[in-house]
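Here is what each chain is made of, one letter per residue.
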Amino acid sequence: MRKVILTGDRPTGKLHVGHYAGSLKRRVELQNSGEFDDIFIMIADAQALTDNADNPEKVRQNIIEVALDYLACGLDPEKSTLLIQSQIPELCEMSFYYMNLVTVSRLQRNPTVKAEIQLRNFEASIPVGFFTYPISQAADITAFRATTVPVGEDQMPMLEQTREIVHKFNTVYGETLTMPNILLPDNQACMRLPGIDGKAKMSKSLGNCIYLSDTEEEVRKKIMSMFTDPNHLRVEDPGRVEGNPVFIYLDAFSKPEHFEQFLPDYANLDELKAHYTRGGLGDVKVKKFLNRVMQAELEPIRERRKVWEKRIPEVYEILEQGSKKAQSVAAQTLADMKRAMKINYFEDRELIEKQAASYAEESGNK
Ligand code: ATP
Ligand code: MG
């Protein structure tokens, strides 16, 4: 079976280190592994409009930011197809048919959507498009026959919903759609990177992010002001590493060679954590180390971004070509679906001939 990746991001802001840890870094590794037949990376502008309908300019401006972040991280248009969701009308058609296979109460049970509704104060009046975005996400995944979806933990309910739709569709209409699998980060800290304010998730909508495009100085300032253990007041106090964002970021990003290079007093992260836990290690020292680690990771990304920022028309060309390729793939899947659903009247010669013969016979009998 062909191995295909589909994943993407909403153009609601620049991408941050949570995206990088949760999905982007993995995508680049998978792309370069050469193990996949096709890789589709989607800028989900139609989904972004489901909760930004009154702010189309925001979505429009962030297309290029997300694309630049992709290229900066090492996504290579020669190996991965970069596309814009709204340019693939087939996705709307697929969603329309999937809606018949999902109940309202099933959508209401989605814990990520529940949390997002609360966050956006949508409780009293949820836009229908927002409420149903897990269905449109099922269209995104199935249109490209994705087998593998590398995403952060918040996307688990979406994948479950997609798998249910695939199962239902194939049961009702016959084996047509490909069953996708989620690929979560193998590092626990990357599943859901917290914000610099200590909130459970770094998120564009919460404004608690370190962006991939932040300058060296911005990154340093954000790290030095990060939330840590609120009870770790004096250096000699014992500190907590669990739930402490500084240590979660170190879990996500530090490598053994960083200790050798930047903090040779400690052999590894376990030793650093042990010292913090027993007391006698100040937050400033840990934060300075984290800053070195993050700068080492972000510097090459920043440099590549600067190069692509000088080639904006070329970036749009890449997106246009990618969207065209993606559209032709989606059109084939949709044709297969319509055949399975028996709504392919004009290509079904047999149907037409049979009905013609039956009417001819009837009039012959009269
Ligand atoms: P928004 O607030 O507009 O929903 P977002 O920051 O949640 O934006 P998305 O575009 O919804 O970003 O998510 C894109 C991808 O990044 C998804 O695969 C998601 O799982 C992953 N992701 C987002 N935030 C994090 C995070 N803090 N930690 C790990 N993965 C994340
Ligand atoms: Mg999100």
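Each value, and the rule that gives it
- Residues numbered from 1 in each chain as written.
- Chains lettered and ligands numbered in written order.
- Predicted model: local features only at pLDDT ≥ 70, side-chain atom pairs only at ≥ 80, totals over all residues.
- Heavy atoms only, no water.
- Salt bridge = Lys/Arg side-chain N within 4 Å of Asp/Glu carboxyl O.
- Helix = DSSP H or I, 4+ residues; strand = E, 2+ residues; numbered from the N terminus.
- Buried < 20%, exposed > 50% of the residue type's maximum accessible area, 1.4 Å probe, protein only.
- Phe/Tyr/Trp six-rings, centres within 6.5 Å; stacked < 30°, edge-to-face > 60°.
- Lys NZ or Arg CZ within 6 Å of the ring centre and 35° of its normal.
- Contact = heavy atoms within 4.5 Å.
- Pairing = 2+ DSSP bridges.
- Near = heavy atom within 4 Å.
- Polar contact = N/O pair within 3.5 Å; in protein donor to acceptor, adjacent residues only side chain to side chain.
- Areas by Shrake-Rupley, 256 points an atom, 1.4 Å probe, with all protein chains shown as cover.
- Nonpolar A, V, L, I, M, F, W, Y, C, P; charged D, E, K, R; others polar.
- Domains from an automatic or database assignment.
- Buried area = accessible area lost by both parts, 1.4 Å probe.
- Expected span 1.5 Å × (residues − 1).
- Arc of directions from axis to C-beta.

A few words on the pattern of salt bridges. As a working rule, side chains carrying opposite charge can pair if their charged atoms are close by. Evaluated as defined, the whole model comprises 29 salt bridges. Between lysine 199 and aspartate 197 there is a salt bridge whose closest N-O contact spans 3.6 Å. A salt bridge links lysine 255 to glutamate 297; the shortest N-O distance between them is 3.9 Å. Of the two residues, lysine 255 is situated in the loop between helix H12 (245-253) and helix H13 (256-262) and glutamate 297 in helix H15 (residues 283-309); the sequence distance between them amounts to 42 residues. Taking relative accessible area as the criterion, glutamate 297 reaches 10% and is therefore assigned buried. Three or more residues are tied together by salt bridges with common partners; here these are Glu65, Asp69, Arg305 and Glu309.

It is worth spelling out the packing of aromatic side chains at this point. The final tally for this structure, using the stated rule, is ten aromatic pairs. A ring pair is formed by phenylalanine 247 and tyrosine 276, whose centres lie 4.7 Å apart and whose planes are at 55°; its orientation type is tilted. Taken as a pair, phenylalanine 247 in helix H12 and tyrosine 276 in helix H14 (residues 269-278) lie far apart in primary sequence, 29 residues in all. By relative accessible area, which is 1% here, phenylalanine 247 ends up buried. The exposure class of tyrosine 276 is buried, given its relative accessible area of 0%. Residues tyrosine 345 and phenylalanine 346 carry aromatic rings whose centres are separated by 6.5 Å and whose planes lie at 70° to one another, so their mutual orientation is edge-to-face. Tyrosine 345 gets classed as partly exposed once you look at its relative accessible area, which sits at 44%. Members of the aromatic cluster, each reached through a chain of ring pairs, are Tyr98, Phe169 and Tyr173. For lysine 3, the ring lying beneath its charged end belongs to phenylalanine 36, and the centroid distance is 5.0 Å. The residue whose ring lies beneath arginine 311 is tryptophan 308, and the NZ or CZ to ring-centre distance is 4.2 Å.

The spatial distance from the C-alpha of glutamate 297 to the C-alpha of serine 254 is 9.2 Å, given a sequence separation of 43 residues. Every residue in contact with glutamate 297, bar those within four places of it in the chain, is listed here: Tyr20, Lys25, Phe253 and Lys255.

Another aspect to go through is the pairing of strand S3 (residues 81-84). Residue alternation in S3 divides its side chains into two sets, Thr81 and Leu83 and Leu82 and Ile84, and both sets are buried. Here four bridges tie strand S2 (residues 38-43) to S3, and the two strands are oriented parallel to one another. When the sheet's bridge partners are listed, isoleucine 43 is paired in S3 with isoleucine 84.

This brings us to the site of ligand 1. With respect to spatial proximity, 22 residues lie near ligand 1, and among them Thr12, Asp154, Leu193, Lys201 and Ser205 are the closest. At 2.6 Å, a side-chain N or O of lysine 201 approaches an oxygen atom of ligand 1. One of the side-chain nitrogen or oxygen atoms of lysine 204 is found 3.1 Å away from an oxygen atom of ligand 1. Its free accessible area being 600 Å², ligand 1 has 96% of it covered by the protein chains. Of all the secondary-structure elements, those providing two or more residues to the shell around ligand 1 are strand S1 (4-9), helix H1 (17-33) and helix H10 (188-191). In terms of residue count, the dominant contributor to the shell around ligand 1 is H1 (three residues). Looking at the shell around ligand 1 residue by residue, the classes come out as five nonpolar, ten polar and seven charged.

In this section: the domain arrangement of the protein chain. Splitting the protein chain by domain gives domain 1 (4-192 + 312-349) and domain 2 (216-308). Every contact between the two is made by 18 residues of domain 1 and, on the other side, eleven residues of domain 2. In total, about 1,300 Å² of surface goes out of reach between domain 1 and domain 2, with carbon and sulfur atoms giving 63% of it. By the criterion of area lost to domain 2, the three top residues of domain 1 are Val17, Tyr20 and Ala72, representing 35% of everything that side buries. Inspection of the domain 1/domain 2 interface yields three salt bridges. Among the ionic pairs, arginine 305 bridges to aspartate 69, the shortest N-O distance being 2.9 Å. Counting across the interface, domain 1 meets domain 2 through five residue pairs in polar contact (both at pLDDT 80 or more). Elements represented by at least two residues in the side of domain 1 that touches domain 2 include exactly H1, helix H3 (56-73), H10 and helix H16 (312-340). The dominant element in the side of domain 1 that touches domain 2, judged by the number of residues it contributes, is H3, at six residues. The residue makeup of the side of domain 1 that touches domain 2, split by class, is twelve nonpolar, two polar and four charged.

For helix H9 (residues 156-173), which comprises 18 residues, the first-to-last C-alpha distance of 26 Å matches the rise-based estimate of 26 Å (1.5 Å per residue) to within 8%. Looking only at H9, the buried set comprises Pro157, Met158, Leu159, Gln161, Thr162, Ile165, Val166, Phe169 and Asn170. At the exit of H9 stands glycine 174, carrying a positive phi of roughly 100°.

Next up on the list: helix H6 (residues 111-119). Turning to H6, its buried residues number three or more, namely Thr112, Val113, Glu116 and Ile117. Buried positions in H6, seen along its axis, are confined to an arc of 135° and lie on one side of it. For H6, exposure combined with an orientation more than 90 degrees from the buried face picks out Pro111 and Gln118. Considering only its buried residues, H6 is in contact with helix H7 (128-131), helix H8 (133-143) and H9. Capping the start of H6, asparagine 110 holds a side-chain oxygen 3.0 Å from the backbone nitrogen of threonine 112, two or three residues further along.

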